[in-house]
Every structure is written in structure tokens, then in C-alpha cells.
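Analysis of the macromolecular model
So the chains spell out like this:
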Amino acid sequence: QVQLVESGGGLVQAGGSLRLSCAASGGTFSAYVMGWFRQAPGKVREFVAAITKSGGNTYYTDSVKGRFTISRDNAKNTVYLQMNSLKPEDTAVYYCAANPGGVVTNRRLWDYWGQGTQVTVSS
């Protein structure tokens, strides 16, 4: 059983930056693909980014390409999401997720989830 704890959310003005962190415990971190999802009020939870087990490949939804960067430190059991040039439409609760299989964008195929961290971008 993998436990995931996100941190780093907050309130930021449009154009600003935040870095989210997700600390994992209870499993072999390097055995999991790691991902970030987000859910805005009244909307479905959507895929944001994912990184392969070794960190060699990354994947992003089109709306964040060039602005967000996902990375991982397997020695620290932590995955990060660096978010730059933030926009009001990035406002959401951001969730960290783990998957022992491959990279998938379907939220239903991810096994473990954190509790989420709120990101609010003001205009």
C-alpha cells in the first residue's frame, strides 16, 4: 500500500510560479509511474502530467506543455510539479497519483492517490 502526501499549493497571481511536491511511503517508489491530476469545481478530475519509473520520459496534457515540468527523485521518494506562467484556469485541487503499470491518462487506471492540494491563481 502506497501513501502519497502532496504539499506546496497556495494562492498565486497570474504569471506566477508554484512547485508542488508529493512524498511517497509504504512501497518501492521506483516501481511506480507517478502522475499529477487536477480537479476544478464542478469538473471531472483530469490528467496533467506523468513521469516514467526511471524519470526518463515525461508526458503532459496540451494545456500545460511548456509551462509545467514534472520530475522525480527516487532517492527521496518524491515527485514534483513545477508550475510556471500560471493562469486562472489552472485553479484546481491538484492530486498526486501512482500506478505500477505504464503511463495512462485515464484517472480510473491509477491505483493510489494523495489527498490533494489547492492551487488558486488570481487574475
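Each remark here, short or long, concerns the structure printed above.
Everything in this summary refers to the structure shown in the same document. Quick caveat, the model's predicted, so the values are computed rather than measured.

Another point: the state of the cysteines. Between two cysteines, a covalent bond joining their sulfur atoms is known as a disulfide. Under the criterion given, the structure shown has one disulfide. Linked covalently through their sulfurs, Cys22 and Cys96 form a disulfide whose S-S length is 2.1 Å. Its S-S torsion of about -80° marks the bond between Cys22 and Cys96 as left-handed, since a negative value means left-handed. One end of the pair, Cys22, is in strand β3 (residues 18–25); the other, Cys96, is in strand β9 (residues 92–99), and 74 residues separate them in sequence.

Attention now moves to the nonpolar core. Residues Leu4, Met34, Trp36, Val79, Leu81, Met83 and Tyr94 are the most contacted members of the largest nonpolar core, which totals 30 residues. Elements with a contribution of two residues or more to this core: β3, β4 (33–39), β5 (46–51), β7 (68–73), β8 (78–83), β9 and β11 (117–122). Sequence-distant contacts of Leu4, that is, excluding residues within four places in its chain, are made with Cys22, Ala23, Ala24, Met34, Cys96, Ala97, Ala98, Tyr112, Trp113, Gly114 and Gln115. Within the second largest apolar cluster, six residues are counted, among which are Phe37, Phe47, Ala50 and Trp110.

Spatially, β1-β3-β8-β7 is the arrangement adopted by the four strands of the open sheet, whose pairing is antiparallel. The outermost strands of the open sheet, each flanked by one partner alone, are β1 (3–7) and β7. Ignoring which end each strand starts from, the neighbouring axes of this sheet average 15° apart. Of the pairings in the sheet, the one linking β7 to β8 comprises six bridges and is antiparallel in character. In the sheet register, Ile70 faces β8, and the bridge partner there is Leu81.

Attention now goes to the packing of aromatic side chains. Tallied over the entire structure, the rule returns five aromatic pairs. Between Tyr32 and Tyr112 the ring centres are 5.9 Å apart and the planes differ by 80°, which places this aromatic pair in the edge-to-face class. Of the two residues, Tyr32 is situated in the loop between β3 and β4 and Tyr112 in strand β10 (residues 112–113); the sequence distance between them amounts to 80 residues. Take Tyr32 and Tyr112: they sit in the same class, and that class is buried. Between Tyr95 and Trp113, the ring centres sit 6.5 Å apart and the planes meet at 80°, which makes this aromatic pair edge-to-face. Taken together, the residues span a long stretch of sequence, with Tyr95 in strand β9 and Trp113 in strand β10 at a distance of 18 residues. When its relative accessible area of 13% is taken as the criterion, Tyr95 is described as buried.

Conventions adopted
- Residues numbered from 1 in each chain as written.
- Predicted model: local features only at pLDDT ≥ 70, side-chain atom pairs only at ≥ 80, totals over all residues.
- Heavy atoms only, no water.
- Disulfide = S-S within 2.5 Å.
- Helix = DSSP H or I, 4+ residues; strand = E, 2+ residues; numbered from the N terminus.
- Core = buried A, V, L, I, M, F, W, Y, C linked by side-chain atoms within 4.5 Å.
- Buried < 20%, exposed > 50% of the residue type's maximum accessible area, 1.4 Å probe, protein only.
- Contact = heavy atoms within 4.5 Å.
- Pairing = 2+ DSSP bridges.
- Axes fitted to C-alpha atoms, helices over the stretch in contact; angles between N-to-C directions.
- Phe/Tyr/Trp six-rings, centres within 6.5 Å; stacked < 30°, edge-to-face > 60°.

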